[in-house]
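One-letter residues, chain by chain:
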Amino acid sequence: MTDKSTLSLVVPVFNEADSISPFINKINGVFSGRSDIHLEIVFINDGSSDSTLENLIQTQSDYPNIKIIDLSRNFGKEAAITAGLEQSRGDAVVVIDVDLQDPPELIPSMIEKWQEGYEVVLACRTNRDSDSWLKRASANSFYWIHNQLSNPKIPANVGDFRLMDRVVVEALKQLPETHRFMKGLFSWVGFKSTVINYSRPKRETGVSKFNGWKLWNFALEGLTSFSTEPLRIWTYIGLAVSIPSFLFAVFIAIRVLISGVDVPGYASIMVAVTFLGGLQLIGIGVLGEYMGRTYMESKRRPNYIIRKIFEVEN
Ligand code: UDP
Ligand code: MG
């Protein structure tokens, strides 16, 4: 490549006032002395309530290559990434967390792979020691269940941290859905991809913005966005329960004919009633989950609203 190529970093931030300057310092360390790359840093302020925006504006006066997209409220990381992708202009785009858990030192090797011709370079966490046992176990079972049910599969232990060529970003921008499970969308668009491994460090400053409940909902989002198996499975569960109960009914009828009426049976009736009642409620719940999503999707609301874009260069 003879021309200088532009690399955009897409960085969602939500209450990260203390994380910004360590992040910028690290990025400067990684990119100092690289004359072949023009760097653009797109920060998306996802409705922070601390001084994140002020810090970003302050930093921008020293680094004109920073672009700040201020969203009108907290729309969540997925929406923030979407906003960043839509506003980035680079020939390649790297999505990265601001807390240095996605090590910027990996970016040069990602660029190398990109220059070799890969359109997507994924960063795969070889160990997640920085996450709790529970988070790792639940993440593993999520990936397993998701990949049993959905196509295309999403690679386990790959987060949003990745490099994408402009063609991939343009493809993502074409996807119209409101419910955006980025990990799924990233793999849905396809393209030639490769993986580099790293070990995920602990968060440098601040705290994680994802608690258990948020992650659970995120997992439901992922499953229902990419699979309708949970809807279809009810047909089979229904068959599996009703065929034996029909046979059982026939058996009881025959038994009554042969040996007369048998009074005991309260326990088995209760079990059958509560078990079937529970199954039906779960089934209705799953239906509701999809109905709700169809309803929300049908409103065609935008994924996010921008209050203001702060930009120096153009
Ligand atoms: N983030 C965001 N909006 C949110 C939650 C998180 O933009 O509603 C950003 C956050 O500022 C950080 C990145 O997403 O840059 C990853 O968040 P976090 O480190 O809390 O997630 P974890 O590493 O614990 O999965
Ligand atoms: Mg983090």
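Up top you'll find the structure we're talking about.
Residues numbered from 1 in each chain as written. Chains lettered and ligands numbered in written order. Predicted model: local features only at pLDDT ≥ 70, side-chain atom pairs only at ≥ 80, totals over all residues. Heavy atoms only, no water.

K.L.:
Honestly, the coordination of the magnesium ion (ligand 2) in this entry has me stumped. Any pointers?
P.N.:
When four donors bind a metal tetrahedrally, each ideal donor-metal-donor angle is 109.5 degrees, and when six bind octahedrally, the ideal angles are 90 or 180 degrees. Coordination of the magnesium ion (ligand 2) by the protein comes from Asp99 (OD) and Gln101 (OE1), over a distance range of 1.8 to 2.0 Å. The class for Asp99 is buried, based on a relative accessible area of 4%. Here Gln101 falls in the buried class, since its relative accessible area comes to 11%. (Donors = N, O, S within 2.8 Å, 3.2 Å for Na, K, Ca; no water. Buried < 20%, exposed > 50% of the residue type's maximum accessible area, 1.4 Å probe, protein only.)

K.L.:
Please clarify how the pattern of salt bridges should be interpreted in this entry.
P.N.:
Two side chains that carry opposite charge are able to pair once their charged atoms sit near each other. This structure, assessed with the given rule, holds 10 salt bridges. We note a salt bridge from Glu311 to Lys67, for which the minimum N-O separation is 3.5 Å. Taken together, the positions of Glu311 in strand 8 (residues 306-311) and Lys67 in strand 3 (residues 66-71) put the pair 244 residues apart, joining distant regions of the chain. Given a relative accessible area of 5%, Lys67 falls into the buried group. Among the ionic pairs, Lys173 bridges to Glu170, the shortest N-O distance being 3.2 Å. Linking Lys173 with Glu170, this pair stays in helix 6 (residues 166-174), spanning 3 residues, or about one helical turn. Residue classification places Lys173 among the partly exposed positions, given a relative accessible area of 30%. Using a relative accessible area of 31% as the deciding quantity, one classes Glu170 as partly exposed. Residues joined by salt bridges that share partners form a network here, namely Lys67, Arg89 and Glu311. (Salt bridge = Lys/Arg side-chain N within 4 Å of Asp/Glu carboxyl O. Helix = DSSP H or I, 4+ residues; strand = E, 2+ residues; numbered from the N terminus.)

K.L.:
Teacher, can you tell me more about the side chain of Glu78 here?
P.N.:
Following the sequence through the fold, Glu78 ends up in helix 3 (residues 77-87). In this view, Glu78 contacts Asp160, Arg180, Phe181, Met182, Lys183 and Phe218; residues no more than four positions away in its chain are not counted. (Contact = heavy atoms within 4.5 Å.)

K.L.:
Teacher, can you tell me more about helix 9 (residues 229-259) here?
P.N.:
Three- or four-residue spacings in an α-helix give side chains the same orientation, since the helix completes a turn every 3.6 residues. An ideal rise of 1.5 Å per residue puts 45 Å on 31 residues; helix 9 measures up with 45 Å between its terminal C-alpha atoms. Directly beyond the C-terminal end of helix 9, a positive phi value near 80 degrees is found at Gly260. (Expected span 1.5 Å × (residues − 1).)

K.L.:
What exactly am I supposed to notice about empty space enclosed by the protein here?
P.N.:
Using a probe with the size of a water molecule, rolled over the atoms, empty space left in the structure can be pinpointed. Evaluated as defined, the whole model comprises 1 cavity of 30 Å³ or more. By volume, the largest cavity amounts to about 30 Å³. Forming the walls of the largest cavity are Thr82, Leu85, Glu86, Leu172, Lys173 and Arg180. Secondary-structure elements contributing two or more residues to the lining of the largest cavity are helix 3 and helix 6. The leading source of residues in the lining of the largest cavity is helix 3, at 3 residues. Each residue belonging to the lining of the largest cavity can be placed in one class, and the counts come to 2 nonpolar, 1 polar and 3 charged. (1 Å grid on protein atoms, 1.4 Å probe; cavity = no way out; pocket = protein on both sides within 12 Å on 5 of 7 lines; lining within 4 Å. Points joined across faces, edges and corners; volume = space filled by probe spheres on them. Nonpolar A, V, L, I, M, F, W, Y, C, P; charged D, E, K, R; others polar.)

K.L.:
What should I look at first to understand the site of ligand 1 in this one?
P.N.:
Neighbouring residues of ligand 1: 19 residues in total, closest Glu16, Asp46, Asp99, Ser208 and Lys209. One nitrogen or oxygen atom from the main chain of Phe14 is found 3.0 Å from an oxygen atom belonging to ligand 1. Between ligand 1 and the protein, one listed contact pairs an oxygen atom with a side-chain N or O atom of Gln101 at 2.8 Å. Across the complex, the protein chains shield 94% of the 540 Å² of accessible surface that ligand 1 would expose by itself. (Near = heavy atom within 4 Å. Polar contact = N/O pair within 3.5 Å; in protein donor to acceptor, adjacent residues only side chain to side chain. Areas by Shrake-Rupley, 256 points an atom, 1.4 Å probe, with all protein chains shown as cover.)

K.L.:
Sorry if this is basic, but what is going on with helix 6 here?
P.N.:
By the burial criterion, the buried members of helix 6 are Arg166, Val168, Val169, Ala171 and Leu172. Between the side-chain oxygen at the start of helix 6 and the backbone nitrogen of Val167 there is a gap of 3.1 Å, and the oxygen is on Asp165.

K.L.:
Would you mind going over the nonpolar core with me for this structure?
P.N.:
Generally speaking, nonpolar side chains in soluble globular proteins are found buried as a group. Counting 36 residues, the largest nonpolar core has Ile44, Leu71, Leu85, Phe142, Met164 and Leu172 as its most contacted members. Here this core takes 5 residues from helix 3, the largest share from any one element. Dropping the residues within four chain positions of it, Leu85 is found in contact with Val10, Val93, Val95, Met164, Val169, Leu172, Lys173, Met182 and Phe186. Within the second largest apolar cluster, 35 residues are counted, among which are Val98, Ile196, Tyr198 and Phe310. (Core = buried A, V, L, I, M, F, W, Y, C linked by side-chain atoms within 4.5 Å.)

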